[in-house]
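# Results of the structural survey
Each chain is listed here by its residues.
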Amino acid sequence: MTDIPHGLVTGKVLCKTQWTDQLFSLQVSAPVSSYLAGQFTKLGLLNGDGEWVRRAYSMVNAPEHRFGQQHLEFLIIKDQNGQLSPQLHQLNEGDDIYVGKDPSGFMTLEEIPPNVKDFWMLSTGTAVGPFISILESLQIQQQEATNAKPFNRLILAHAVRTQQDLTYQERIAQLVQHYQGKLIYVPIISRESVTGALRGRIPSLLLGGDLERAASVTINKADSFFYLCGNPQMVRDTSDALNSLGLEKHLRRKAGQYSSENYW
Ligand SMILES: Cc1cc2nc3c(=O)[nH]c(=O)nc-3n(C[C@H](O)[C@H](O)[C@H](O)COP(=O)(O)OP(=O)(O)OC[C@H]3O[C@@H](n4cnc5c(N)ncnc54)[C@H](O)[C@@H]3O)c2cc1C
Ligand SMILES: NC(=O)c1ccc[n+]([C@@H]2O[C@H](COP(=O)([O-])OP(=O)(O)OC[C@H]3O[C@@H](n4cnc5c(N)ncnc54)[C@H](OP(=O)(O)O)[C@@H]3O)[C@@H](O)[C@H]2O)c1
C-alpha cells in the first residue's frame, strides 16, 4: 500500500445511505482534529493508476453530536464523469477511506456579524449538508445554554432539480419541530411542480419576492444575513440578486449581509 499523504488519516466507513441513484451519505469514523459546524474536510482514495485523488466535502453532522467529533457524516453526489465521487459511491460499510486531519472553512456561526436577527441559509444540491450541521449545532448550544447566537428567525432554503433530491427530510422536520416556528424550511424545485415547494431558481425567487413570502420574513439590511452555498453559478447569480436588493458582501474588515462557499 502506498504511503498515506501528509494531512490524511485513515478512517472507516460505518454506514452508507442511498437517497437516489446518485445521491448518498457516508458516515465515517476518523481521528480528525476538532472542527466547527459548517466546515469541510478532504476525502481521498487511490485511483486505478495508484494516484491519490482528494476532494473537499462538508460535514452534515454537528461536531457536538452524540457520537463524538470523530464520527463524521457526508452527503455526496456521484458525478458520472468525476474522478473521486464515483469511487466514493462504491464504498461500503467496513471499507477504508482517507480523511483530511484538519477540517477548515469560514462558513460558520462564528463568522456571522453580531446583531443579525434573520439568518438565511440558501443551498443547492448537496450544500444543504453544512446548514444541517449549523442548525443541529445551534440546537445543541441552546440546549446546553452555551452562548448560542440569539437569532429571531432561521430560514433554510434547499434548491434541487427534482423532489427526490430533497434529502434529509426527517432530520429537517425534527429541526423544524425543535425550533417551534423559528426555523422556516423552504424547498425549491426547478424541474417539477410540487405542492409545498417553490418552483424555480433562488435568484429569481429572491428578486420576485417569492422567497420572502414563502418564509414570511422581510429582507432588510439591518436584520438579515445570508450564507449561500453550492453551485457556483447559483452563488454568483444570487450575489447579484442580493446586491440589487441593496445588500453587500460580508468581509472581515467591512461587515456586510452575505457570504458564500462554492462547491466547484
Ligand atoms: C468547500 C467545498 C465543499 C464541498 N462539499 C461537498 C459535499 O459536501 N458534497 C459533495 O457532493 N460535494 C462537495 N464538494 C464538491 C467535491 O469536492 C467534488 O468536487 C465533487 O465530489 C466532484 O468530485 P469528482 O472528483 O467526482 O469530480 P471532478 O473530476 O473533480 O469533476 C468536477 C465536476 O463535478 C461537478 N460537481 C462538483 N461538485 C458537485 C456537487 N456537490 N454537486 C453537483 N455537481 C458537482 C461540477 O460540474 C464539476 O465540474 C465540495 C467542494 C468544496 C470546494
Ligand atoms: N440531480 C440529478 O437528478 C442529476 C441527474 C443527472 C446528473 N446529475 C449530475 O449531478 C450534478 C448536478 O447535481 P445537482 O442536481 O445536485 O446540482 P445542480 O446542478 O447544482 O442543481 C441544483 C439546483 O441548482 C439550480 N441552479 C443551477 N444553476 C443555477 C443558477 N445559476 N442560479 C440558481 N440556481 C441554479 C438548479 O436549477 P436548474 O434545474 O434550473 O438547473 C437546481 O435546482 C451534475 O454535475 C450532473 O452531472 C444530477
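From a predicted model like this one, the values you see are computed outputs, not experimental measurements. (Residues numbered from 1 in each chain as written. Chains lettered and ligands numbered in written order. Predicted model: local features only at pLDDT ≥ 70, side-chain atom pairs only at ≥ 80, totals over all residues. Heavy atoms only, no water.)

Turning to the environment of Tyr98, a few remarks are in order. Relative to the assigned elements, Tyr98 resides in strand 6 (residues 96-100). Note on Tyr98: relative accessible area 8%, which makes it buried. As a C-alpha pair, Tyr98 and Ile202 span 104 residues in sequence and 35 Å in three-dimensional space. (Helix = DSSP H or I, 4+ residues; strand = E, 2+ residues; numbered from the N terminus. Buried < 20%, exposed > 50% of the residue type's maximum accessible area, 1.4 Å probe, protein only.)

What follows is about the layout of surface pockets. What the largest pocket holds in volume is close to 1400 Å³. Together, 49 residues line the largest pocket, and Ile77, Gly125, Thr126, Asn231 and Trp264 are the ones closest to its centre. Partitioning the lining of the largest pocket into residue classes produces 18 nonpolar, 21 polar and 10 charged. Taken together, domain 1 (8-100) and domain 2 (109-262) each give at least three residues to the lining of the largest pocket, which thus spans both. Its boundaries defined by the atoms lining it, the second largest pocket holds a volume of some 380 Å³. Along its surface, the second largest pocket is lined by 15 residues, and His65, Arg66, Glu136, Arg171 and Gln174 are the ones closest to its centre. Looking at the lining of the second largest pocket, the elements that each hand over two or more residues are helix 2 (129-143) and helix 3 (169-179). When its residues are assigned to classes, the lining of the second largest pocket shows 4 nonpolar, 7 polar and 4 charged. Each of domain 1 (8-100) and domain 2 (109-262) gives at least three residues to the lining of the second largest pocket. (1 Å grid on protein atoms, 1.4 Å probe; cavity = no way out; pocket = protein on both sides within 12 Å on 5 of 7 lines; lining within 4 Å. Points joined across faces, edges and corners; volume = space filled by probe spheres on them. Nonpolar A, V, L, I, M, F, W, Y, C, P; charged D, E, K, R; others polar. Domains from an automatic or database assignment.)

Burial in helix 3 covers these residues: Ile172, Leu175 and Tyr179. Buried positions in helix 3, seen along its axis, are confined to an arc of 60 degrees and lie on one side of it. Helix 3 presents Glu170 and Gln177 as exposed residues on the side facing more than 90 degrees away from its buried surface. In this structure, the buried residues of helix 3 make contact with helix 2, strand 8 (153-160) and strand 9 (183-189). A positive phi of about 45 degrees marks Gln180, the residue just after helix 3. (Arc of directions from axis to C-beta. Contact = heavy atoms within 4.5 Å.)

All right, on to the site of ligand 2 then. Surrounding ligand 2, one finds 18 residues, the nearest of these being Ser190, Arg191, Arg201, Asn231 and Asp237. Between Gln22 and ligand 2, the recorded distance is 3.5 Å, taken from a side-chain N or O atom to a nitrogen atom. Separating a nitrogen atom of ligand 2 from a side-chain N or O atom of Asp165 is a distance of 3.4 Å. When ligand 2 sits alone it has 870 Å² of accessible area, and the protein chains cover 77% of it. Counting atoms within 2 Å of the grid points, the majority share of ligand 2 lands in the largest pocket. Top element by residues in the shell around ligand 2 is helix 6 (residues 232-244). It accounts for 3 residues. Built from parts of two domains, the shell around ligand 2 gets at least three residues from each of domain 1 (8-100) and domain 2 (109-262). (Near = heavy atom within 4 Å. Polar contact = N/O pair within 3.5 Å; in protein donor to acceptor, adjacent residues only side chain to side chain. Areas by Shrake-Rupley, 256 points an atom, 1.4 Å probe, with all protein chains shown as cover. Sits in = over half its atoms within 2 Å of the grid points.)

So, about the UniProt feature "domain: FAD-binding FR-type" (unreviewed entry) in the protein. In the numbering used here, UniProt assigns the "domain: FAD-binding FR-type" (unreviewed entry) feature to residues 6-110. Spanning residues 6-110, this segment combines 5% helix with 42% strand, and its end C-alpha atoms are found 28 Å apart. (UniProt positions renumbered as here; feature names shortened; annotations may be inferred.)

This part takes up the site of ligand 1. Taken together, 19 residues lie near ligand 1, and Ala56, Tyr57, Leu75, Asp79 and Ser85 sit nearest. Leu75 is positioned such that a nitrogen or oxygen atom in its backbone is 2.8 Å from a nitrogen atom of ligand 1. Between ligand 1 and Ile77 there is a distance of 3.1 Å, counted from an oxygen atom to a backbone nitrogen or oxygen. Within the complex, the protein chains bury 76% of what would otherwise be the 870 Å² of accessible surface of ligand 1. Taking a 2 Å distance to the grid points as the criterion, the majority of the atoms of ligand 1 fall inside the largest pocket. Broken down by element, the residue count for the shell around ligand 1 peaks at 4 residues, all from strand 4 (residues 52-58).

We now examine the pattern of salt bridges. Once their charged atoms are close, side chains differing in charge can pair, the charge on each being opposite to the other. Across all of its chains, the model carries 10 salt bridges by this definition. When the shortest N-O distance is used, the salt bridge between Lys12 and Asp96 registers 2.6 Å. Here Lys12, found in strand 1 (residues 8-18), pairs with Asp96, found in strand 6; they are 84 residues apart in sequence, far enough to count as distant. Classification of Lys12 by relative accessible area gives partly exposed; the value is 40%. Among the salt bridges present, the one from Glu73 reaches Arg171, with a minimum N-O distance of 3.3 Å. With Glu73 in strand 5 (residues 71-77) and Arg171 in helix 3, the pair connects residues that are 98 residues apart, well separated along the chain. One connected set of salt bridges, linked through shared partners, spans Glu73, Glu136 and Arg171. (Salt bridge = Lys/Arg side-chain N within 4 Å of Asp/Glu carboxyl O.)

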